[in-house]
Protein chains: 2
Amino acid sequence: MDDHSFKRAPRPSTISLGDLEAFGRGAALLGAGGGGDPYVGRLVLEHELSRGGQIEIVELASIADDAWVVPVCVMGAPTVMIEKAPSVDAFVLALRKLEERLGKRADYLIPLEIGGINSTVPLALSARLGLPVVNADGMGRAFPEIQMVTFGIGGNNISPIVVADEFGDVIEVTARSNLVGERLSRSAVAQMGGSAQVVLYPMSGLQAKRTAIPDTLRLALDIGRAITINSDEAPEDRLFAALGKLDRPRRGCVLFKGKVSDVQRETRGGFNFGTVRIERLRHSEDTLEIVFQNENLVAYHNGVPVALTPDIIAIVDSETAEPITTETLKFGQRVKVLGITAPDLLVTPEAIKVVGPRAFGIDLDYAPLRIGGSPSIATGG
Amino acid sequence: MDDHSFKRAPRPSTISLGDLEAFGRGAALLGAGGGGDPYVGRLVLEHELSRGGQIEIVELASIADDAWVVPVCVMGAPTVMIEKAPSVDAFVLALRKLEERLGKRADYLIPLEIGGINSTVPLALSARLGLPVVNADGMGRAFPEIQMVTFGIGGNNISPIVVADEFGDVIEVTARSNLVGERLSRSAVAQMGGSAQVVLYPMSGLQAKRTAIPDTLRLALDIGRAITINSDEAPEDRLFAALGKLDRPRRGCVLFKGKVSDVQRETRGGFNFGTVRIERLRHSEDTLEIVFQNENLVAYHNGVPVALTPDIIAIVDSETAEPITTETLKFGQRVKVLGITAPDLLVTPEAIKVVGPRAFGIDLDYAPLRIGGSPSIATGG
């Protein structure tokens, strides 16, 4: 290991004010273009910490089988959340309703997904209530729909889903399937102004240990720090090094480098749908096109798919590796596109049915990200 | 009183199979053009009665102050309900969820509204569960929205609202206001396929006695029988006689007689919006135009408003007085248009804010129906 390599941080037992920028940045990168603007989540969390709140983070493996673990998320269009910040009060309301309903108090919170907003709001709720957060989540990235999560793929029931807004309105959904739960909640969220606070998939500690993706809060912080550290080394190399140091190592690569030449975007049914086209500098015939639904789903290099959901496709600033979410893509941005292998739990046959390309209406079989030696992957520019 | 006059029926303590046709017809007339096709409600109720179910009907004044009374209704577009019949199973599910939530069992059911479908489904649920139904409702007619009800006008909370579908999906809404409760439930119903089963405004016997409109199930049966009876007397005269025999007598008149010459109709946001134009036979310049949103809201005689919500505007077959709902209006139908005064509880200043013309975006002050001697009311034909 040389001097410039990224140093693995100890597993955090908390995240403090000084970590928030790095943490939000790392989470946004894992968000694969979705998960919302990390700044929004950070503001909410900073507010809680500045009021004296503390975050306690615990390891997935350490929680008791009979503990009660509650996933939390903000649901809605990230573009809406920029103007309508997540409400910690509404989260408290949703959690209390769930507790009342099930007749027990939550022992732990767990993020439903990792992304700019949804990795930070559980921390804000943790700080408000003094309730520990599990260092894990249900996606290891962001996905647009709430049935696209290892908690559900692993057999947990999405219901009851409790949806709350900042005015005290609460909708509780009990659905025949996790997919119907998504649809019914989505429509409630739309009616609540396009964004709302949600608790769902209440589960035991045993179920959480069987179905959650471990160590993702730590990974977000490590990645954020890797990007932030000022060194001569390319930030993405430090980032890839952080991936390699996971208990179950993952890999990353640069898929493409170039300039954003076109962004097609449309908000429909509460989602941001679109396509971004990136051209290689001085070689405009060499392109990478990425299709997204909130998150980046498929990258086509000159028409050939080179990265597919659930592998992570992240667009970052060419120089700083700052992640760029799909709603902030602009013509002319100089970017690198990174590919990161998905966690094991997302690439089982059951998982691919729920989070693979066909789950998004894309008529392609999932093929794992190939790193190194592939003639179809261009890194020049 | 002459021999041909309508004879007041004794207050019913049940409604049997033989009454259903008359009851459905009377309820549809009170439904003011809305409330759905009475045939749909009748089928559901007949099914329950044919399985041996019995309906017990109790008087509003007789229920105990501390009894627990639960209003029930089907919510959605009547055009959808023609194809997607109300589900008694889903009603049972919704009621059980509400009971579980509030930790007590319902003592009585009460219809939210009187109309072709919503006066019969509470009876079907009563027959299924052996739970008595109160001879009263919250509208004395039909209205398109669930905050347009004396239960709410009188100060009861619409929440919790429990919405269930025939697949076992349940949505529970707790809303900051009755109007927001309507919006959030409406969107849930739309997502459930355009029609769903709802329980709401759970209240004490005391609250029910203060806010419900009494005797409306009996009135529906009386009106239905008045229309059905084969006599030389015009059916509407027998109908008006039935209104006059209420404890708090009401009045009716023929507003117009003619032929349907135009129907404009549009389904939007789960409602049937539209306008129907009726021309006097051989005097096509003499017209009555009725604006509706599920229910008939305003009647304009040659451009002058002559009847306004909450007074009941009912379109009936010219010969038989069979009520015609807004979704079954057709060009060429020979019709009479009846006006019926609203119950007292609907014309208080508080009620007019919720169910008067302006509540429907119609820029007119409410003026009570004028019966007899008005030059603006034509009955010729």
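Residues numbered from 1 in each chain as written. Chains lettered and ligands numbered in written order. Predicted model: local features only at pLDDT ≥ 70, side-chain atom pairs only at ≥ 80, totals over all residues. Heavy atoms only, no water.

**A few points about the overall build of chain A**
A count of helices and strands for chain A gives 11 helices and 17 strands. Relative to the 2.2 N^0.38 estimate, which gives 21 Å for 381 residues, the radius of gyration of chain A is 19 Å and therefore close to what a compact globule would have. Considered along the principal axes of its C-alpha atoms, chain A spans approximately 60 × 45 × 40 Å. Taking all 381 residues of chain A together, 62% fall into the buried category. Carbon and sulfur atoms make up 50% of the accessible area of chain A, which amounts to about 14000 Å² in all. (Helix = DSSP H or I, 4+ residues; strand = E, 2+ residues; numbered from the N terminus. Rg over C-alpha atoms; globule rule 2.2 N^0.38 Å. Buried < 20%, exposed > 50% of the residue type's maximum accessible area, 1.4 Å probe, protein only. Areas by Shrake-Rupley, 256 points an atom, 1.4 Å probe, with all protein chains shown as cover.)

**Thoughts on the sheet that holds strand S14 (residues 295–301) of chain A**
Residue and element names in this part refer to chain A. Across the sheet, seven strands lie side by side as S15-S14-S13-S12-S11-S17-S16; this open sheet has antiparallel pairing. Strands at the two margins of the open sheet, each flanked by one partner only, are strand S15 (304–308) and strand S16 (312–317). Going across the sheet, the axis of each strand differs from the next one's by a mean of 35 degrees, ignoring polarity. As paired strands, strand S11 (residues 252–268) and strand S12 (residues 271–280) are joined by nine bridges and run antiparallel to one another. When the bridges of S12 are listed, Thr267 appears paired with Asn272. Its contacts with the sheet place helix H10 (residues 235–244) against S11 and strand S17 (334–340), and it is angled at close to 15 degrees to S17. (Pairing = 2+ DSSP bridges. Axes fitted to C-alpha atoms, helices over the stretch in contact; angles between N-to-C directions. Contact = heavy atoms within 4.5 Å.)

**Concerning the relation of the copies chain A and chain B**
When chain A is brought onto chain B, the operation consists of a screw motion whose angular component is 180 degrees and whose axial shift is 0.0 Å, with 0.0 Å RMSD remaining. Seen this way, the second copy is the image of the first under a two-fold rotation axis. No C-alpha of chain A approaches the rotation axis more nearly than that of A:Glu172, which lies at 2.4 Å. A share of 100% of the interface residues of chain A reappears at the interface of chain B, consistent with the copies meeting face to face through the same patch. (Least-squares fit on C-alpha atoms with pLDDT ≥ 70 in both.)

**Some points on the pattern of salt bridges**
Scanning the entire structure with this criterion turns up 50 salt bridges over all chains. A salt bridge links B:Glu279 to B:Arg277; its shortest N-O distance comes to 3.9 Å. Residue classification places B:Glu279 among the buried residues on the basis of a relative accessible area of 18%. Linked through salt bridges whose partners overlap, the residues forming this network are A:Glu48, A:Arg51, A:Asp89 and A:Arg128. (Salt bridge = Lys/Arg side-chain N within 4 Å of Asp/Glu carboxyl O.)

**Here's the deal with the packing of helix H7 (residues 178–191) of chain A against helix H7 (residues 178–191) of chain B**
Two elements in contact, H7(A) and H7(B), have axes whose closest approach is 9 Å; the angle formed by their N-to-C orientations is 145 degrees. Both H7(A) and H7(B) take part in a crossing whose hand is right-handed. Where H7(A) abuts H7(B), its residues A:Arg183, A:Leu184, A:Ser187, A:Ala188 and A:Gln191 lie against B:Arg183, B:Leu184, B:Ser187, B:Ala188 and B:Gln191. Considered class by class, the residues forming the contact of H7(A) with H7(B) number four nonpolar, four polar and two charged. (Left-handed = near helix turned anticlockwise from the far one by under 90°. Nonpolar A, V, L, I, M, F, W, Y, C, P; charged D, E, K, R; others polar.)

**Some details on the interface of chain A and chain B**
Of the residues lining the interface, 20 residues belong to chain A; the matching set on chain B comes to 20 residues. The contact between chain A and chain B buries some 1600 Å² in all, and 45% of this surface belongs to carbon and sulfur atoms. Taken together, the connections running from chain A to chain B amount to six salt bridges. For B:Asp169, the salt bridge goes to A:Arg176, with nearest N and O atoms at 2.7 Å. Linking chain A to chain B there are eight residue pairs in polar contact (both at pLDDT 80 or more). Of all elements in the fold, only helix H4 (88–102), strand S7 (170–174) and H7 of chain A reach the threshold of two or more residues within the side of chain A that touches chain B. For the side of chain A that touches chain B, a count of residues per class yields nine nonpolar, four polar and seven charged. Here S7(A) runs beside strand S6 (residues 170–174) of chain B; their pairing, made up of five bridges, is antiparallel. Counted as the bridge partner of A:Thr174 is B:Val170 from S6(B). (Buried area = accessible area lost by both parts, 1.4 Å probe. Polar contact = N/O pair within 3.5 Å; in protein donor to acceptor, adjacent residues only side chain to side chain.)

**Brief notes about the pairing of strand S8 (residues 195–199) of chain A**
All names here are of chain A. With five of five residues buried, S8 lies mostly within the body of the structure. On S8, burial covers both faces: Ser195, Gln197 and Val199 on one face and Ala196 and Val198 on the other are all buried. Across five bridges, strand S2 (residues 68–76) lies against S8 in antiparallel orientation. Directly across from Gly76, in S8, lies its bridge partner Ser195.

**Points about the confidence of the model for chain A**
Residue and element names in this part refer to chain A. With 94% of its residues at a pLDDT of 70 or more, chain A shows a mean pLDDT of 91. Within the model, the stretch residues 1–8 combines pLDDT values under 50 with 17 contacts to residues more than four positions away or in other chains. When the criterion is pLDDT under 50, residues 373–381 qualifies, and its contacts beyond four places in sequence or with other chains add up to 20 contacts. Prediction confidence for the complex, expressed as pTM and ipTM, is 0.88 and 0.83 respectively. (pLDDT = per-residue confidence, 0-100.)

**A closer look at the sheet that holds strand S16 (residues 334–340) of chain B**
Residues and elements named next belong to chain B. Pairing is antiparallel across the open sheet formed by seven strands, whose spatial order is S14-S13-S12-S11-S10-S16-S15. Each having just a single partner strand, strand S14 (304–308) and strand S15 (312–317) make up the two edges of the open sheet. Adjacent strand axes in the sheet meet at a mean angle of 35 degrees, parallel and antiparallel pairs treated alike. Bridge count for S15 against S16 is six bridges, and the pairing is antiparallel. Counted as the bridge partner of Val316 is Lys336 from S16.

**Things to note about H7(A)**
All names here are of chain A. With 14 residues, H7 extends 20 Å between its outermost C-alpha atoms, agreeing within 8% with the 20 Å of an ideal straight helix rising 1.5 Å per residue. Of the positions making up H7, those classed as buried are Asn178, Val180, Gly181, Glu182, Leu184, Ser185, Arg186, Ser187, Ala188 and Val189. Directly after H7, the chain includes Gly193, whose backbone phi takes a positive value near 105 degrees. (Expected span 1.5 Å × (residues − 1).)

**Considering the side chain of A:Arg250**
Residue and element names in this part refer to chain A. Assignment of secondary structure puts Arg250 in the loop between H10 and S11. No salt bridge is formed by the buried Arg250. Its closest oppositely charged neighbour is Asp344, at 7.2 Å. When residues no more than four places from it in sequence are discounted, the contact partners of Arg250 are Gly140, Leu219, Leu243, Gly244, Ile312, Ile340, Thr341, Ala342 and Pro343. (Lys, Arg positive; Asp, Glu negative; His and termini not counted.)

**Digging into the packing of aromatic side chains**
Counted by the stated rule, this structure contains six aromatic pairs over all chains. One cation-aromatic arrangement involves A:Arg268 over A:Phe273; the distance from NZ or CZ to the ring centre is 4.2 Å. (Phe/Tyr/Trp six-rings, centres within 6.5 Å; stacked < 30°, edge-to-face > 60°. Lys NZ or Arg CZ within 6 Å of the ring centre and 35° of its normal.)

**Details of the pairing of strand S10 (residues 252–268) of chain B**
For a regular strand, the rule is simple: side chains alternate between the two faces of the sheet. Residues and elements named next belong to chain B. Across seven bridges, S10 lies against S16 in antiparallel orientation. Paired with Lys257 across the bridge in S16 is Lys336. Hairpin connection, S10 to strand S11 (residues 271–280): the antiparallel pair is bridged by two residues, and Gly269 has positive phi, about 60 degrees.

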